[in-house]
Amino acid sequence: MISFRLALTNIKRKHSGAFSFAIIVMIAVCFFNMIISTGEVNKSFESQSKKLNGTDYYILFAPNMYYDDFATFLESKEHVTGVNAEDVITFSGEYYTPDTNPSTTSMFIQNINTERSISKIDIINPQENKSGIYLPIAFQALGYKIGSSFILKDSTEQEYTYEILGFCNVSEFGAVSNLSQVRIVATTDVFHELSSNYGTKTLLNFTVDDYKAIHYIESQFTDYSSAYTSNTQCIEQASGRADFTTAFTLFASIISSIIIAFSVVIFIVALIMAIYRIKSGIDENLTAIGTLKVLGYTSKQIASSYVFEYIIISFISSILGTILSYASAPLYHKILILITGVLIKGTVHIGIDIIITLIITLLIAITAYLSTLKVKKMHVAVILRGGLLSHNIKKNTVELEHAKGSINQILCLKHLLMYKRQNISTCIILTIISFTLCFGLILFEGFGIKDTFIKNVLDSELTEGNVTLDTHADIEQISNIISSNKNVHKIIRIGFEGVTVNNTSCNARILDNFENLETISLAEGSFPINDNEIAVSIHVASLLHKDIGDVITVNSIGVKADYIITGITSSTMSYNTYFSEDGYKRIYAAYAPSTICAYLDKGYTYEQFADFIFSKFGYTQSELLSGKISYDTDDKYSAMKHLIDSKMIKLKQNFNIDSMEYALNIDGNTVLSSGTSTYPIKEVYSTASLLAGYLNIFKLAFGLLAIFILIITLIIITVVLSIMVKQTVNTKKLEFGILKSLGFTTKDLRKQLTFSLLPSVIAGAFLGSVIAYQTTLPFISKMISLIGWSGIRYELPSVITLISAAMTVTVFTYIVSYLLTSKIKRISTYELIEN
Amino acid sequence: MNKSILQAKQLCKTFSSDGQQQHILTNLDIDIYEGDFTIIMGSSGSGKTTLLYALSGMDKPTLGKIIFRGTQIQDLNSDELAGFRKKHCGFVFQSIYLLENMSIMDNVLTAGYLVSNNKPEIIKRAKELFLQVGLREEIWRKFPSQLSGGEKQRAALIRSLINKPAILFADEPTGALNSSSGKDVLDILTKINQNGQSIVMVTHDIKAAIRANRIIYIMDGKICGELHLDKYMETNLDDRIKKIRDFLRENNW
């Protein structure tokens, strides 16, 4: 076919331009395919969960709070299909290897040899007769290696080192950190070593045949267990599949949103470049087109050659983009595994690939067709005249007679004003590219550097100095002592309880002073002041379909009371509800706060605070249990006291004993005495460092994403500029030849060309950054809300981010376009003129 | 005899393409004298335009020397050659090559501002030259596409003269013009030569050749013959034409 042959000739002739255009289309197609991979996260999660019989609901009990009757209760419930209880160790602290930086998280540690029918663990290549631990497969993506040492360090600096024996697939909690727990599987000996120091708790899992029944079952269970144990704190933690699944998929969804936006942006750039290339190409080749028309080619045949040219390029580059997406899938999957913990098995999806290829080719073909309509309208004579119509009155944009500045500056300005279409195209493309880069930087800043998002998700008050109190501790006295520390600028007292709200299990957070809060923030309304008021998280409000002003019924071990919702906090994940102390006492009269949170002055560290607590109250219960306390080896009673006291505290914790005292009498003399009252402080810890641990993961993930976006943006800029600059040099070859013949140097011409692009580059760069500044975080927030996470709060990006993105684009564009004009250098004046 | 201002010694120019070589100029020696109107003639492909481009610094010779007022220019780099061209050369093309996107006044001033910062003086000179060549003020701000071929070529001529070049190079300046316009252009060239402007012109046209006082004939990249004439005068043209025809016949024109 004539048009097809013409198209092939055009491609061969302008191969560098075709190649550059093909790269843009290839990248766009590659990204479209990556979206499919991201969508597979949910599928992979579901399939893994099915394979390992993942739990529908888990309940973690406080030590010695589990009874077999609980499993029996659940088994008797309609819709419950399976129940499984096992002992686990919960560990909060740091983990690292000799090659990695410490990360802070909390963990479930499970025994590899425990029989479990729910939430099974699939060990990949188990090693027999060896001692050590198995990590979720996501750790492999972080660089953890079999045979390396894995170090656990608790808050008392106690370290445990184990060999990494391998990796495992788990149905949940397999991400490196998914804002709740990480699972680790230990060999029996390791499990016993850790349990002897930290004790065990019972993890109860159950599955249902109808997930809609979950909330009803769990609220009944909460009432039952609280009444059974007469303890509102018998359940430490509980969550259903819908909630911990969303935690995994949240970030996959964020990444999907980003990639979708990115793909669309790149595709728009491709379309603009197609229009630009075609229109410039037509202008450049008017004589050739005129000659073809003189020879008898129809407008349709000539226009079709352009359309075929772009169909061929788009089709081939779409196929290459698809291949590229499969080739880069392992790396991309690694990033997804890192963030979600889900092992994604790459699948081939030829059907979807074909559809994407056809759609992209069709859209580009339509664009090409519309761009060639100009050819149809022109008569042969007009074409051969260079496109000039008979009454072509031009305007002299800048008259040299009256212009100021050097001749190079004036010619630069003339070029800028003359080539409006090119300038507008440049401005639009640079706006899009700058938007993309700024988008990536804002994401990195918003999710990887600033901590507002994480704080809102965690819904915990993050303080450096947290003091957990023994049940009989004198709270007032301890509060006063802590407040007397001049490096503590304020404190709050907080209690952690479990309640049911309108038959939904929730966490109760009871505070003496909401005004001091720094981390937990309200989305709307106010914290409770009166005792019949309550604040709830967005998640709870959404589950209960309640809003500010609505009344809810709160139940604690059979005691009910109504509360008016006065405030909704920003957390989209937690089941937290907030009470004043008097308010909570309406349903639990014996309430006493369990923790004092101290806000430390800047420069005053957690370690210094811990030393201060020691100086006032002696060892904490957890320090006593850690076995790291030094004692006077010459004093036998000192050693004896240490041994007895640590056993006493262990008994108290493991058997939920209220208080104990002892005395050692020898020959009627009391040589030694102590009691649990000697240790009023259970533990001192920092929750602020937990934030840093979570933030590191976000920093890594979003940092990688930002770098990736930066690299792709710079590639796109280079490719786009290579098309535009080369096109311009070709178009203006004769003009450059004339100017060179007059005595303009190559450097003059290169500067003229590059500087003439600069105003539209700067305008586009800053416009793109401003648009990104205004829209990025609201866009992500909207995308996240579509999967049920509403009310995401974030800080506005800094202006420095906006300026950095715009400056990077501008400077890089200038440098690349100047380098690309080096083509002018290689062509002599004679060759420019004679072409 | 006038002083030589531009010399070429053993000039060679070879073009290579797809492994094939074309020797256009072969060991050519030529002198250009101050104040002369030198015409280079020859058949198609003889190397006339190539010689013109080499002498004017628009192209680099493959071998040989080009000396302008004692300075060798063949080894100058691209930017140095640009400097040489803007200060010492003016060029008029057969295809005229005005910049289409600016008025003819701007075309002239583009060349002028490149050499001098004294804009008022350049503008004044441009206006004088426009009037000298018969271009009225009404058309100074018109674009090349709005003018006839003769008007365009006269504008191009002004552009080449704005910086008072030592030598004006012209490549078939009347080739694309009708006879009336062509005569106008030749009249201008003759007049400026009579005022002392050195001109080197390539042409096929005998009507152009008669304006010269020196005609060089090139064949196969070498100079085959040279004819010296008196300065052009409108009288006694038949004798002039006969001498030129005889010269060309001798050289197998």
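Residues numbered from 1 in each chain as written. Chains lettered and ligands numbered in written order. Predicted model: local features only at pLDDT ≥ 70, side-chain atom pairs only at ≥ 80, totals over all residues. Heavy atoms only, no water.

Caption draft 1: Local environment of the overall build of chain B. Across its full length, chain B carries eight helices and 10 strands. Here the C-alpha radius of gyration of chain B, 18 Å, is about what a compact globule of 253 residues would show, namely 18 Å. For the C-alpha atoms alone, the extent of chain B along its principal axes is close to 50 × 45 × 40 Å. In the form shown here, chain B has an accessible surface area of approximately 11,000 Å², with 45% of it arising from carbon and sulfur atoms. (Helix = DSSP H or I, 4+ residues; strand = E, 2+ residues; numbered from the N terminus. Rg over C-alpha atoms; globule rule 2.2 N^0.38 Å. Areas by Shrake-Rupley, 256 points an atom, 1.4 Å probe, with all protein chains shown as cover.)

Caption draft 2: Just the nonpolar core, in detail. Counting residues in hydrophobic clusters, the biggest one holds 185 residues, and the most contacted among them are Phe21, Ile24 and Met273 of chain A together with Leu189 and Ile215 of chain B. No other element matches helix H7 (residues 241–284) of chain A, which puts 16 residues into this core. When residues of this core are sorted by domain, at least three fall in each of domain 1 (1–57 + 234–393) and domain 3 (412–452 + 697–835) of chain A. Ignoring anything within four residues of it in the chain, the contact list for Phe21 of chain A reads Ala270, Met273, Ala274, Arg277, Tyr310, Ile313, Ser314, Ile364 and Ile723 of chain A. Of all hydrophobic cores here, the second largest spans 24 residues; its members include Phe150, Phe167, Ala186 and Phe191 of chain A. (Core = buried A, V, L, I, M, F, W, Y, C linked by side-chain atoms within 4.5 Å. Buried < 20%, exposed > 50% of the residue type's maximum accessible area, 1.4 Å probe, protein only. Domains from an automatic or database assignment. Contact = heavy atoms within 4.5 Å.)

Caption draft 3: Molecular detail of the environment of Val467 of chain A. Residue and element names in this part refer to chain A. Here Val467 shows up in strand S11 (residues 465–469). The exposure class of Val467 is buried, given its relative accessible area of 0%. In this structure, the C-alpha to C-alpha distance between Val467 and Ile482, residues 15 residues apart in sequence, is 9.5 Å. The contacts of Val467, once residues within four sequence positions are left out, are Ile482, Ser594, Thr595, Ile596, Phe609, Ile613, Ile681, Glu683 and Val684.

Caption draft 4: Highlighting the packing of aromatic side chains. Residue and element names in this part refer to chain A. If you walk through the whole model with that rule in mind, you get 41 aromatic pairs over all chains. When the centroid spacing of 6.0 Å and the interplanar angle of 75° are considered together, the rings of Phe61 and Phe221 count as edge-to-face. A residue pair is termed long-range when its members are at least 10 positions apart, and Phe61 in strand S1 (residues 57–61) and Phe221 in helix H6 (residues 214–229) qualify at 160 residues. The exposure class assigned to Phe221 is buried, which follows from its relative accessible area of 1%. Cluster of aromatic residues (ring-pair linked, three or more members): Phe61, Tyr66, Tyr67, Phe70, Phe73, Phe221, Tyr224 and Tyr228. (Phe/Tyr/Trp six-rings, centres within 6.5 Å; stacked < 30°, edge-to-face > 60°.)

Caption draft 5: Highlighting the pattern of salt bridges. Residues and elements named next belong to chain A. This model, assessed by the stated rule, comprises 22 salt bridges over all chains. Between Glu94 and Lys153 there is a salt bridge, with its nearest N and O atoms 3.9 Å apart. Of the two residues, Glu94 is situated in strand S2 (residues 80–96) and Lys153 in strand S6 (residues 149–153); the sequence distance between them amounts to 59 residues. Classification of Glu94 as partly exposed rests on a relative accessible area of 25%. (Salt bridge = Lys/Arg side-chain N within 4 Å of Asp/Glu carboxyl O.)

Caption draft 6: Spotlight on the interface of chain A and chain B. Listed per partner, the contact involves 36 residues of chain A and 32 residues of chain B. The tally of links from chain A across to chain B stands at four salt bridges. Between Arg141 of chain B and Glu401 of chain A there is a salt bridge whose closest N-O contact spans 2.2 Å. Our count for the contact surface shared by chain A and chain B stands at 10 residue pairs in polar contact (both at pLDDT 80 or more). At the level of secondary structure, the elements contributing two or more residues to the side of chain A that touches chain B comprise helix H13 (407–418), helix H23 (733–742), helix H24 (746–786) and helix H27 (829–834) of chain A. (Polar contact = N/O pair within 3.5 Å; in protein donor to acceptor, adjacent residues only side chain to side chain.)

Caption draft 7: Seen up close, the side chain of Thr746 of chain A. Following the sequence through the fold, Thr746 of chain A ends up in helix H24. A distance of 3.2 Å separates polar atoms of two side chains, one belonging to Thr746 of chain A and the other to Ser78 of chain B. In contact with Thr746 of chain A, other than residues within four places in its own chain, are Lys740, Ile824 and Lys825 of chain A together with Ser78 and Asp79 of chain B.

Caption draft 8: View of the domain arrangement of chain A. Annotation of chain A at the domain level lists domain 1 (1–57 + 234–393), domain 2 (80–114 + 121–208), domain 3 (412–452 + 697–835) and domain 4 (608–685). One C-alpha centre belongs to domain 2 of chain A, the other to domain 3 of chain A, and the line joining them spans 47 Å.

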